[in-house]
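Inside the fold
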Amino acid sequence: MSTVTTASAGYVRAPGVLHTLLLAGSVSLFLGALLSDYTYYNTYQIQWSNFASWLNAGALLFAGLALVFALVNLLRARPMAGQPLNYFVLLLLTFVIGLVNAFQHAKDAWALMPTGLLLSAIVFILICITAVVGLNPRSGGLK
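Presented here is a report on the structure given in the accompanying data block. Keep in mind that this is a model prediction, so the values were computed, not measured.

1. Section: the overall build of the chain
When its secondary structure is counted, the chain shows four helices and zero strands. In the chain, the succession of helices and strands from N to C terminus is α-α-α-α. Residues counted as buried form 38% of the 143 residues belonging to the chain. Summarising the internal contacts of the chain: among those between residues at least 6 apart in sequence, 79% fall at separations of at least 24. For the chain, the exposed area adds up to about 8000 Å²; of that, 71% sits on carbon and sulfur atoms.

2. Observations concerning the nonpolar core
Formed by 27 residues in total, the largest nonpolar core has its most connected members in L23, F30, Y87, L91, F124 and I127. Elements supplying a minimum of two residues to this core: α1 (17-43), α2 (46-76), α3 (83-105) and α4 (115-134).

3. Looking at unusual backbone geometry
M113 connects to P114 through a cis peptide bond whose omega is -5°. Mapped onto the elements of the fold, P114 is located in the loop between α3 and α4. Phi angles above zero are rare outside glycine, and Y44 is one such case at about 55°. Locating Y44 in the fold gives a position in the loop between α1 and α2.

4. Quick look at the environment of P84
Along the polypeptide, P84 turns up in helix α3. Under the relative-accessibility criterion, P84 is labelled buried at 2%. For the pair P84 and G134, spaced 50 residues apart in sequence, the C-alpha to C-alpha distance is 7.7 Å.

5. Here's the deal with the packing of α3 against α4
At a minimum axis separation of 9 Å, α3 and α4 run at an interaxial angle of 160°. In terms of their interaxial angle, α3 and α4 are classed as roughly antiparallel. For the element pair α3 and α4, the recorded crossing hand is left-handed. Together, Q83, Y87, L90, L91, L93, T94, I97, G98, V100, N101, Q104 and H105 of α3 and T115, G116, L119, S120, I122, V123, L126, I127, I129, T130, V133 and G134 of α4 make up the contact between the two elements. Of the residues assigned to the contact of α3 with α4, the class counts are 13 nonpolar, 11 polar and no charged.

6. Section: the side chain of T130
Along the chain, T130 turns up in helix α4. Of the residues examined, T130 reaches a relative accessible area of 0% and is grouped as buried. Here the side chain of T130 touches L126 through a polar contact of 2.7 Å, landing on its backbone oxygen. Residues within four places of T130 in sequence aside, it is in contact with L23, Y87, L90, L91 and T94.

Parameters at a glance
- Residues numbered from 1 in each chain as written.
- Predicted model: local features only at pLDDT ≥ 70, side-chain atom pairs only at ≥ 80, totals over all residues.
- Heavy atoms only, no water.
- Helix = DSSP H or I, 4+ residues; strand = E, 2+ residues; numbered from the N terminus.
- Buried < 20%, exposed > 50% of the residue type's maximum accessible area, 1.4 Å probe, protein only.
- Contact = heavy atoms within 4.5 Å.
- Areas by Shrake-Rupley, 256 points an atom, 1.4 Å probe, with all protein chains shown as cover.
- Core = buried A, V, L, I, M, F, W, Y, C linked by side-chain atoms within 4.5 Å.
- Axes fitted to C-alpha atoms, helices over the stretch in contact; angles between N-to-C directions.
- Parallel < 35°, antiparallel > 145°, perpendicular 65-115°, else oblique.
- Left-handed = near helix turned anticlockwise from the far one by under 90°.
- Nonpolar A, V, L, I, M, F, W, Y, C, P; charged D, E, K, R; others polar.
- Polar contact = N/O pair within 3.5 Å; in protein donor to acceptor, adjacent residues only side chain to side chain.

Nothing here speaks to function; it is geometry throughout.
Written out as structure tokens, the structure reads:
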């Protein structure tokens, strides 16, 4: 006698190449923004604040496009729960806090610290967690 065990809610398909590149690009750009903010915190050279602002903007562009892919994947998933929902919510939270960080970086460079560095660290940690959840190759099947 054989039994079939199904896995919990997973992806219809694993994330595609473009989706993976967008998510990985946002991780590296958010890391660059964090490192630029840290360097600005230590040196107070205003150009580092400008670098962090542009890197954060690029990361938001990549994360926003990855958010569109995550929404499509969420809508295509059979059950509306599980990993696709967790990934979408984490990516949305990362995008919103990254947008708040972009507004913080729009201030004068001297008014940026220490809130800008703290927000950059939070966003980087969130995008790393999101990447681990989003790029998990679990797609359902037998346990």
